[in-house]
Amino acid sequence: MKYTNYCNPSDFRQLSSSCNHYEAYFDEDDNSYITYIAAYLDTRLVGFISCITPDLSITDHQQICYVEITAMVHPDYRHKKICSNLLSKLYILIEDMSNQFNKKNKTCVSIQFICTVNDKNAKNHHLVLHSCDYLMILKDTNPLDRENQKQISKDKEQPNHIKNHYQSYFSPDKSCYMLFDKNFSSPIAVCELEYFQSYTCISNVYVDSDKRGKKIGTSLIKNLIQDYFHAEHKLLPLILHVSSTNPAALQLYKNCGFSIYEQVNYYYINVPVI
């Protein structure tokens, strides 16, 4: 078995296809932000493990950097410790990055791997739950109110005014939604929107650090919802992802009407010694 830091894109696609098209972290055009190890048996790719290259400067208060891994092994080569070997080698690689970072910055960041696995397998292997990732959804449930609001907007012919003298707008290409204060110099809160065939995804919600704790984020999301569903055409559900490690954001979205549609559990991974 040969373990290497290079994987041919066509080999990756073939392995992914054999693993029910599992989408491990891999970018055929640019893998500079991904760290991975591939396992080859002769010229055949039989195993692959990867993670987003960790930003060790962003850690929690305990100086732990959580690294989510993705891995796949060809069905014909499972139960041969290929995944265990890949995991160990990836850990050594990431730990070396951590040691270099700690030495350079005189800190003590440690690495902890997490991964999504089948809950039954997690129980069988006594894995400990780290966190949950919630997919939350909001549908337009009041089309009559939307029609009324459209008429009101036409009559006013002016931007949407928000409580506390804030104003909010979509960017010209609708890819961002921004909240401004009365100075109107720069947005104090912003989020991004990505449009798909069956839903629109909200991501990268940000509030200026000196404005947090003042319900600015709530104003941003509530008015985004209002403007989005009061548009001139039928709009698709809004979705977003939030982690259980961010309970304030989770409660904010619930208060704005979002409900949990799907839950994904992340477990701590014990790295085997080879």
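Residues numbered from 1 in each chain as written. Predicted model: local features only at pLDDT ≥ 70, side-chain atom pairs only at ≥ 80, totals over all residues. Heavy atoms only, no water.

S.K.: Looking at this structure, how should I read the overall build of the protein chain?
M.R.: A count of helices and strands for the protein chain gives 6 helices and 13 strands. Across the 274 residues in the protein chain, those meeting the buried criterion constitute 40%. Residue pairs at least 24 apart in sequence account for 64% of intrachain contacts in the protein chain once pairs closer than 6 positions are excluded. Summed over its atoms, the accessible surface of the protein chain is roughly 16800 Å², and 49% of this surface lies on carbon and sulfur atoms. (Helix = DSSP H or I, 4+ residues; strand = E, 2+ residues; numbered from the N terminus. Buried < 20%, exposed > 50% of the residue type's maximum accessible area, 1.4 Å probe, protein only. Contact = heavy atoms within 4.5 Å. Areas by Shrake-Rupley, 256 points an atom, 1.4 Å probe, with all protein chains shown as cover.)

S.K.: Is there a simple way to think about the nonpolar core in this case?
M.R.: Across soluble globular proteins, nonpolar side chains show a tendency to be buried alongside one another. Core analysis: the biggest nonpolar cluster contains 30 residues, and Met136, Ile221, Ile225, Leu238, Val242, Tyr253 and Phe258 have the highest contact counts within it. Contributions of two or more residues to this core are made by strand S6 (129-138), strand S9 (176-180), strand S10 (189-195), strand S11 (200-207), helix H5 (216-229), strand S12 (238-243) and helix H6 (247-255). If one sorts the elements of this core by residue count, H5 sits on top with 7 residues. Setting aside residues no more than four positions away along its own chain, Tyr253 makes contact with Met136, Val205, Ile221, Leu240, Val242 and Phe258. Among the nonpolar cores identified, the runner-up in size contains 21 residues, and Cys51, Ile69, Ile82 and Leu90 belong to it. (Core = buried A, V, L, I, M, F, W, Y, C linked by side-chain atoms within 4.5 Å.)

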